[in-house]
Amino acid sequence: MHLKSVALTTEEIRRIVRQRRRDLVISERLHAEQSIYRQIYQHPKLLSAKKIAIFLSFDGEVNTQPIIEYLWQQNKSVYLPIIDLTNPHHLAFLPYHRHSQLTTNKFGIAEPIYDVDKILPYQSLDIVFTPLVAFDHRNYRIGMGGGFYDRLLQNYQHDNIYPIGLAFKCQQIKYVANQSWDIQLPEIIIG
Ligand SMILES: Nc1ncnc2c1ncn2[C@@H]1O[C@H](COP(=O)(O)OP(=O)(O)OP(=O)(O)O)[C@@H](O)[C@H]1O
Ligand SMILES: [Mg+2]
């Protein structure tokens, strides 16, 4: 089932696909998530990765909590993005432990409490699990519209960061009308 995206604006695609993602029935959602977790647990890049950025799910996104539990069990260093107060429109990354205290940012998303001394230079990340609203067969993505991940990942190869998108099949659209700044992901794990 492909959206006829040709006539739709990016804003309309965001609205429709977010709704579609929220509307996934629970059995389909759980089944898809199990498939995603299996793909991640067998992922060769994850074996050697030490520092991994992930996000806390909201708005019907793939539930990342089991992935986070797995990463903790594997003694990986887990980081969450925060909106960088000192560098507008950019993300910063803070460590996330089992007992980390969280606060709610202006988008209503939980994030670690800002502590300048704990910020990880993003180039130290090995893997960045990347949220997305919609994607196409070329792995171009549409995010939430902030450009945060496009900025973060603009030189990901040079920075030696490997981004992995996470998505349900229902988020695939025929074609993302990508702009010059949009990043084409090397990989999206689809459930
Ligand atoms: N590398 C960049 N440098 C400067 N501005 C950028 C960069 N990447 C994106 N932007 C700006 O960010 C804004 C939002 O971009 P876009 O609509 O592609 O967001 P998005 O991909 O949905 O969000 P995200 O990347 O957070 O998932 C655009 O106005 C764009 O000009
Ligand atoms: Mg973009």
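Fair warning: this is a prediction, and the values are worked out from it, not measured in the lab. Per chain, residue numbering runs from 1 following the sequence as it is written. Each chain gets a letter, beginning with A, and each ligand a number, beginning with 1, in the order they are written. Per-residue local features are limited, in this predicted model, to residues with pLDDT of at least 70; the limit for side-chain atom pairs, both in listing and counting, is 80 or more; totals at the level of whole chains, interfaces and linings are taken over all residues. Each side-chain value is worked out from all heavy atoms of the structure, with water and hydrogens disregarded.

**Considerations on the UniProt feature "binding site: ATP" (unreviewed entry) in the protein**
UniProt positions are given in the numbering used here, feature names are shortened, and annotations may be inferred rather than shown by experiment. UniProt records the feature "binding site: ATP" (unreviewed entry) at Arg141, Ile142, Gly143, Met144, Gly145, Gly146, Gly147, Phe148 and Tyr149, using the numbering of this structure. Secondary structure is summarised from DSSP: a helix means a run of H or I of at least four residues, a strand means a run of E of at least two, and numbering begins at the N terminus for each. Tracing the backbone through its elements, the reader meets Ile142 in strand β8 (residues 141–142). Accessibility here uses a 1.4 Å probe with only protein chains present; expressed as a share of the type maximum, an area under 20% marks a residue as buried, one over 50% as exposed, and anything in between as partly exposed. Overall, Ile142 belongs to the buried group, its relative accessible area being 6%. Leaving out residues up to four positions away in the same chain, Gly143 has contacts with Arg14 and Val133. Should any heavy atoms of two residues lie within 4.5 Å, those residues are counted as being in contact.

**A word on the nonpolar core**
Remark: nonpolar core denotes a set of buried residues (Ala, Val, Leu, Ile, Met, Phe, Trp, Tyr, Cys) joined through side-chain atoms within 4.5 Å. Counting residues in each nonpolar core, the largest one holds 48 residues, and the members touching the most others are Ile40, Leu46, Ile54, Ile67, Ile127, Phe129 and Leu166. Here the element with the most residues in this core is helix α4 (residues 65–73); it accounts for 5 residues. Setting aside residues up to four positions removed in sequence, Ile54 forms contacts with Thr64, Ile67, Ile68, Val78, Tyr79, Leu80, Pro81 and Phe129. Counting residues in each nonpolar core, the second largest holds 8 residues, with Ile13, Val17, Ile142 and Val176 among its members.

**Topic: a nonpolar patch on the surface**
Exposure above 30% relative accessible area and the lack of any salt bridge qualify a residue for a patch; like charges then connect within 9 Å, and the nonpolar side chains Val, Leu, Ile, Met, Phe, Trp and Tyr within 5 Å. For the area figures, the Shrake-Rupley method with a 1.4 Å probe applies, and any residue is considered shielded solely by the protein chains shown. The salt bridge criterion pairs a side-chain nitrogen of Lys or Arg with a carboxyl oxygen of Asp or Glu, the two atoms within 4 Å. Taken together, Leu85, Tyr114 and Val116 make up a surface patch of nonpolar side chains, about 310 Å² in accessible area. You can call Tyr114 partly exposed: its relative accessible area is 31%.

**Some points on the pairing of strand β2 (residues 77–83)**
Across the 7 residues of β2, 6 count as buried, placing the element largely inside the fold. Two strands are counted as paired when DSSP detects at least two bridges linking them. With 3 bridges joining them, strand β1 (residues 51–53) and β2 adopt parallel strand pairing. By the bridge assignment for β2, Ala53 is matched with Tyr79. In this region the chain leaves β1, passes through α4 and returns to the parallel neighbour β2; the handedness of that crossover is right-handed. Both β2 and strand β3 (residues 91–95) contribute to a ladder of 5 bridges, which runs antiparallel. Looking across to β3, one finds that Ile83 is bridged to Leu91. The path from the first strand over the helix to the second decides the hand: if it runs clockwise while the strands point away from the viewer, the crossover is right-handed.

**Quick notes on the side chain of Lys76**
Structurally, the position occupied by Lys76 is in the loop between α4 and β2. Lacking a salt bridge, the buried Lys76 has Asp126 as its closest oppositely charged neighbour, with an N-O distance of 7.7 Å. Contacts described as polar in this section are N or O atom pairs within 3.5 Å, which, within protein, must combine one atom able to donate a hydrogen with one able to accept it, while residues neighboring in sequence count only if both atoms come from side chains. Separated by 3.0 Å, the side chain of Lys76 and the backbone oxygen of Leu47 make a polar contact. Excluding anything up to four places from it in sequence, Lys76 contacts Leu46, Leu47, Ala49, Lys50, Ile52 and Leu71. We treat Lys and Arg as the positive residues and Asp and Glu as the negative residues; His and chain ends play no part in the count.

**Comments concerning the pattern of salt bridges**
Considering all chains together, one arrives at 7 salt bridges under this definition. As a salt-bridge pair, Asp59 and Arg18 come within 2.6 Å of each other at their nearest N and O atoms. Of this pair, Asp59 sits in the loop between β1 and α4 while Arg18 is found in helix α1 (residues 10–22), placing the two residues 41 residues apart along the sequence. The exposure class of Arg18 is partly exposed, given its relative accessible area of 24%. Close ionic contact of Arg22 with Asp59 constitutes a salt bridge, the shortest N to O distance being 2.5 Å. Linking Arg22 in helix α1 with Asp59 in the loop between β1 and α4, this pair joins segments that are 37 residues apart in sequence.

**A few points about the environment of Thr104**
One can find Thr104 in strand β4 (residues 102–104). Classification of Thr104 as exposed rests on a relative accessible area of 56%. Filtering out sequence-adjacent residues up to four positions away, Thr104 remains in contact with Ile109 and Ala110.

**Side note on the site of ligand 1**
Nearness of a residue to a molecule or strand requires only that one of the residue's heavy atoms be within 4 Å of it. For ligand 1, the set of nearby residues contains 14 residues, the closest of which are Arg14, Arg141, Phe148, Asp150 and Trp181. Within the side chain of Arg14, one N or O atom sits 2.8 Å away from an oxygen atom of ligand 1. Between an oxygen atom of ligand 1 and a main-chain N or O atom of Gly147, the distance comes to 2.9 Å. Protein contact buries 72% of the 640 Å² of open area that ligand 1 shows by itself. Here the shell around ligand 1 gets 4 residues from one element, more than from any other, and that element is helix α5 (residues 148–152). Lys, Arg, Asp and Glu make up the charged group, whereas Ala, Val, Leu, Ile, Met, Phe, Trp, Tyr, Cys and Pro make up the nonpolar group; the residues left over, Gly among them, are polar. For the shell around ligand 1, a count of residues per class yields 4 nonpolar, 5 polar and 5 charged.

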